[in-house]
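Fold and contact review
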Amino acid sequence: MAVLDRAPRGSRPLVRGSHAPPSGSRRRPFTVRRGLGLLAFLTPALVFVLVFTYYPLLRGSQMAFRQWNLFDLRNTPWVGLANFRTLLANPTFYAVLEHSAVWVVGSIVPQLLIGFGLALLLRRRFRFRGVYQALVFFPWAVSGFLIGILFRWMFNGEFGVVNDLLMRAGLIETNVAWLADPRLAMFSVVVANVWYGVTFFAIMILAALQSVPDELLEAGALDGAGKVRTLFFIVIPFIRTTLLLTVLLRIIWVFNFPEIIYGMTGGGPAEQTHIVTSWMITYTQQGDYGLASALGLIVVGVLVLFTSFYLLALRERDAR
Amino acid sequence: MKRRSFLLGAAGLATASVSGLAGCGGSSSGSGGSAGGDVTLQMVESLTNPARSQVLKKLLADFEAANPGIKVQLVSPPTEQADQKIQQMLQAGNGVDVLEVRDLTVGPFANNGWLYDMTDDVQKWAGFSDLTAQAQKYAKHSDGKIYFVPYGFYGLSLFYRKDLVTEAGFSGPPKTWDELLEQAAKIQDPSRNRYGYAFRGGKNGNGNVVAAIEAYVGDSIDRENAFKIKSGQSIFAAPEAQAAVDTYFDLFKRASPPSSVAWGYPEMVEGFNNGSTAFLLQDPEVIATVSASKSITTDQWTTAPLLTGPSGKAAQPVATAGWGVAKASKNAAAAVKLVEFLSGDASTTFAKENSLVPIKKTAGKDAFYTTGPWASYVTMTENPDTYLTVVQPRGVSWWTEWSTKSDTQVQQVLIGKLSTTDLLKSWDAYWTEKWKG
């Protein structure tokens, strides 16, 4: 990755104004011929994205405005906004949004902190660093659904290893029914997701850390900055863009990541661990692609709104 | 600004996949067809597992040997996605000749016009009269047509630990739901990690609640629609239903592991298999699993017939699946031939290997079925007035919706968010409204 060798795009320049393009740089004039040439190069990528991303998106979108049940495909009338009204009238929808917020915040904050710590440790050179890195990054290669099933057994109240370890450590005296209590069940799925997602942060932050120039760190040391000051006043500001981008991407991904929940609790007990996308799966299982698609569009709307606010807030901060 | 556009684009693409997940319709693989005069049939199974697929492949090899000129290509999608995959293939109108049709899918598939009507072919087939009355009955859909021939039946029996029952001072297994509650509660001892009943609180947990209610309304149940009593009301509105659900949920409170709120099929079977629970209500395929257990020996457990209610009757909600032919198949004659082959002697091999109640009349006399854990199924078959065979409305298009809703509500009762009275009211209202259309 190029980011390993140089500062990430958009990082604050070491010297103010160093990003400014050289004055008087020549630009080739835009002609129709040049435009057609560029279009020819772009076409394969555009076709790919249109066919594999936007076509399914449009197919899904039109289902949202129809009664579309796989078990009754002879009867798929247009129903306007009825699917959206059905969802908005369902109290579970609001509960599921709340669970999604808990799921995202509860997962991402520990993932970021632990991932940052791991990246700092792995940045140092030591024997078998490659082996440690491989071990840390391994969970990212495992399917989320499989992780859900593994953690389902680990958190099993009677046969699970979690209770066994806690009991041996003297922390509990009787079995804890992790997946039977709504709050404990949400805690358990978040723990599984933290374990899974730490790796992504570690990878991204390690790459960003490796882009911090040694000269900068040496300059800080010469000026008398200790480790903590170096971290907060040199390293973090330098990799700030990567951090913010990683957090944004993770928020979108975790919001859209039902696999662990689906494998671990199926959204239970009594829908208390359903997030929006795991709830959507139940509609597809029922064959009700109309409601599932309407829910999918709502998710798109929520995430686009969130992303816009997030970026606007960043721009405000930058402006200040 | 560029960065912002990039981020928005990234967010847009990431979220687009969400709708894509719901919106992806299906394309399909190519259809089976003729090659050099030979017919190649595409066969798709639904309840896939590796061992079962091997058995099926052996039977298909026998079929190919007996029918030169017909080849069969078996497609085995993962179980979780199989029915959706089959739906996509049927919708596309190619890629499938013979398919596994379940009692859950026959209604929707037939309703969408995807299944070939085998009625005329089956009437000409001599082997149909060799099938049990149950198999012949379940082959006929509610519209009187034959869309599939069952390959076997699933049915509940009570798996129990003989040693623990004796140790608790009982002379034999429970015969009624009340006796089950009594025995399971006495055996329960969490301090020794020993529990009475492997309660199903998770996925498909509604099934056992309904089984209990059906046993309690045994005198008045409509056997052709086991969610109704003869007066036309739903079973959930019957006066006996309240006692049934109270007894059933008492099993959780007094005799089950607390974490069984979340137990689905794997946890229940594991609980019995590893020796920590004494009773398990399950289908016969579990016989093979428990027989291979390293924690309990074969002389420690067996099965007993389904539990009866105060009426002295139990209702066996039979579940089945079988082989059908796609309406769009270009090789329907060869496909029907394959279905008939698999429904003949091959069906007994398939049933034995997969722990199913067989469809052939002669199979019931086989020593395999008359001894050991299978004996309870023979007992139930020989006493049809006590163990009523009933038809649940599993083919309706809203069955999966019902299953999801009722499972959620079962868990709500278990975590104290819903009373059993409100549960019954809700279930009664749901079905009454659906039947009104």
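As the structure is a prediction and not an experimental result, all values here were calculated from the model. (Residues numbered from 1 in each chain as written. Chains lettered and ligands numbered in written order. Predicted model: local features only at pLDDT ≥ 70, side-chain atom pairs only at ≥ 80, totals over all residues. Heavy atoms only, no water.)

Time to look at the overall build of chain A. Helix and strand counts for chain A stand at 13 helices and 0 strands. Along chain A, helices (α) and strands (β) appear in the sequence α-α-α-α-α-α-α-α-α-α-α-α-α when read from the amino end. Its C-alpha atoms give chain A principal-axis dimensions of roughly 70 × 65 × 35 Å. Counting only contacts in chain A whose residues sit at least 6 apart along the sequence, the fraction spanning at least 24 positions is 68%. Of the roughly 17,900 Å² of accessible surface on chain A, a fraction of 66% belongs to carbon and sulfur atoms. Charge separation in chain A, taken as the distance between the mean sites of 28 positive and 16 negative side-chain charges, equals 14 Å. (Helix = DSSP H or I, 4+ residues; strand = E, 2+ residues; numbered from the N terminus. Contact = heavy atoms within 4.5 Å. Areas by Shrake-Rupley, 256 points an atom, 1.4 Å probe, with all protein chains shown as cover. Lys, Arg positive; Asp, Glu negative; His and termini not counted. Charge placed at Lys NZ, Arg CZ, Asp CG, Glu CD.)

This paragraph deals with the overall build of chain B. Scanning chain B from terminus to terminus reveals 18 helices and 12 strands. Here chain B has a C-alpha radius of gyration of 23 Å; the compact-globule value for 437 residues is 22 Å, and the two agree. Looking at chain B as a whole, 56% of its 437 residues are labelled buried. The contacts of chain B with a sequence gap of at least 6 include a subset with a gap of at least 24, amounting to 73%. Surface exposure of chain B reaches about 17,300 Å², of which carbon and sulfur atoms provide 51%. (Rg over C-alpha atoms; globule rule 2.2 N^0.38 Å. Buried < 20%, exposed > 50% of the residue type's maximum accessible area, 1.4 Å probe, protein only.)

Turning our attention to the interface of chain A and chain B. Between chain A and chain B, the residue contacts involve 57 residues of the former and 52 residues of the latter. Taken over both partners, the interface formed by chain A and chain B buries close to 4,600 Å², and the fraction arising from carbon and sulfur atoms is 63%. Contact with chain B buries area across many residues of chain A, yet A:F71, A:E158 and A:F159 alone supply 16% of it, more than any other trio. At the junction of chain A and chain B, the tally comes to 1 salt bridge. For A:R152, the salt bridge identified is with B:E267, shortest N-O distance 2.4 Å. (Buried area = accessible area lost by both parts, 1.4 Å probe. Salt bridge = Lys/Arg side-chain N within 4 Å of Asp/Glu carboxyl O.)

Residues and elements named next belong to chain B. With respect to topology, 4 strands assemble into an open sheet ordered β7-β8-β6-β9, the strand pairing being mixed. Since the sheet does not close on itself, it has two edges, and those belong to β7 (195-197) and β9 (301-304), each with one partner. Neighbouring strand axes in the sheet, compared pairwise and without regard to direction, differ in orientation by 20° on average. Sheet topology places strand β6 (residues 157-161) next to β9; 4 bridges connect them, and they run antiparallel. (Pairing = 2+ DSSP bridges. Axes fitted to C-alpha atoms, helices over the stretch in contact; angles between N-to-C directions.)

The next point concerns the pattern of salt bridges. All names here are of chain B. Overall, the coordinates contain 15 salt bridges over all chains when judged by the stated rule. In this structure, the salt-bridge partner of D83 is R102, at a minimum N-O distance of 2.7 Å. Here D83 is found in helix α3 (residues 79-92), whereas its partner R102 is found in strand β4 (residues 98-102), with 19 residues between them in sequence. Here the two residues D83 and R102 agree in accessibility, since each one is buried. Close ionic contact of D250 with K253 constitutes a salt bridge, the shortest N to O distance being 4.0 Å.

To describe two helices that pack against each other, one gives the angle between their axes and the distance between the axes. All names here are of chain B. Where helix α17 (residues 399-414) meets helix α18 (residues 420-436), the closest approach of the two axes is 10 Å, and the angle between their N-to-C directions is 170°. Between α17 and α18, the interaxial angle falls into the category roughly antiparallel. Residues W399, E401, W402, K405, S406, Q409, V410 and V413 of α17 form the contact with α18, whose participating residues are T420, L423, S426, W427, Y430, W431 and K434. A breakdown of the residues in the contact of α17 with α18 according to their chemical character gives 8 nonpolar, 4 polar and 3 charged. (Parallel < 35°, antiparallel > 145°, perpendicular 65-115°, else oblique. Nonpolar A, V, L, I, M, F, W, Y, C, P; charged D, E, K, R; others polar.)

In this section: the packing of helix α2 (residues 50-66) of chain B against helix α13 (residues 332-342) of chain B. All names here are of chain B. Viewed as axis vectors pointing N to C, α2 and α13 meet at an angle of 120°, and their least axial separation amounts to 11 Å. Judged by the angle between their axes, α2 and α13 are oblique. Every pair of crossing elements has a handedness; the one defined by α2 and α13 is right-handed. For the pair formed by α2 and α13, the contact residues are L59, L60, D62 and F63 on the first element and A334, K337, L338, F341 and L342 on the second. (Left-handed = near helix turned anticlockwise from the far one by under 90°.)

Predicted coordinates in areas of low pLDDT are best not read in detail. Averaged over every residue, the pLDDT of chain A is 87; residues scoring 70 or more account for 91%. Ignoring residues within four places in sequence, the model shows residues 1-20 of chain A, a span with pLDDT below 50, making 22 contacts including any to other chains. (pLDDT = per-residue confidence, 0-100.)

The next point concerns helix α12 (residues 276-285) of chain A. By the criterion of burial, α12(A) is predominantly enclosed, with 9 of the 10 residues buried. When we look at burial in α12(A), the residues that qualify are A:V276, A:T277, A:S278, A:W279, A:M280, A:I281, A:T282, A:Y283 and A:T284.

Next up on the list: the packing of aromatic side chains. Within the structure shown, the criterion is met by 50 aromatic pairs over all chains. Ring centres 5.1 Å apart and planes at 85° place the aromatic pair A:F93 and A:Y94 in the edge-to-face group. A:F93 gets classed as buried once you look at its relative accessible area, which sits at 4%. With a relative accessible area of 44%, A:Y94 lands in the partly exposed category. Linked through ring pairs, B:F227, B:F236, B:W398, B:W399, B:W402, B:W427, B:Y430, B:W431 and B:W435 together constitute an aromatic cluster. A cation sits over an aromatic face here: B:K186 above B:F170, 5.4 Å from the ring centre. If you follow B:K228 out to its NZ or CZ, it ends over the ring of B:W435, 4.7 Å from the centre. (Phe/Tyr/Trp six-rings, centres within 6.5 Å; stacked < 30°, edge-to-face > 60°. Lys NZ or Arg CZ within 6 Å of the ring centre and 35° of its normal.)

Relative to the helices and strands, A:N193 is located in helix α7 (residues 182-209). Excluding its chain neighbours within four sequence positions, the residues that come into contact with A:N193 are A:W103, A:S107, A:Q111, A:V254, A:F257 and A:I260.

Moving on to the nonpolar core. Residue and element names in this part refer to chain B. Ranked by size, the top nonpolar core spans 121 residues in total, and within it M43, W177, F236, L251, F279 and W402 carry the most contacts. The leading source of residues in this core is helix α10 (residues 241-255), at 8 residues. Among the domains, domain 1 (19-153 + 319-359) and domain 2 (157-317 + 388-436) are the pair contributing at least three residues each to this core. M43 has contacts with L56, L60, V72, Q73, L74, V75, V98, W323, L338 and L342, leaving out every residue within four places of it along the chain. (Core = buried A, V, L, I, M, F, W, Y, C linked by side-chain atoms within 4.5 Å. Domains from an automatic or database assignment.)

Turning to the domain arrangement of chain B, a few remarks are in order. Residue and element names in this part refer to chain B. Taken domain by domain, chain B holds domain 1 (19-153 + 319-359) and domain 2 (157-317 + 388-436). Each of domain 1 and domain 2 has a C-alpha centre, and these two points are 31 Å apart. Interface of domain 1 and domain 2: buried area, both sides summed, is about 920 Å²; carbon and sulfur atoms make up 52% of it. Across the domain 1-domain 2 interface, the total number found is 2 salt bridges. A salt bridge links D103 to R394; the nearest nitrogen and oxygen atoms lie 2.9 Å apart. Taken together, domain 1 and domain 2 are joined by 4 residue pairs in polar contact (both at pLDDT 80 or more). Put simply, the parts of the chain that give the side of domain 1 that touches domain 2 at least two residues each are α4 (106-111) and α6 (133-139). Of all the elements, α6 adds the most residues to the side of domain 1 that touches domain 2, at 3 residues. (Polar contact = N/O pair within 3.5 Å; in protein donor to acceptor, adjacent residues only side chain to side chain.)

As a further point, take the environment of A:V304. Structurally, A:V304 is set in helix α13 (residues 289-319). Sequence separation between A:V304 and A:F238 is 66 residues, and the spatial gap between their C-alpha atoms is 27 Å.

Along an α-helix, a turn takes 3.6 residues, which lines up residues three or four apart on a common side. Regarding helix α8 (residues 177-187) of chain B, the residues found buried are B:W177, B:L180, B:L181, B:Q183, B:A184 and B:I187. On its buried face, α8(B) sits against β6, α7 (162-167), β7, α9 (206-216), α10 and β8 (277-282) of chain B.

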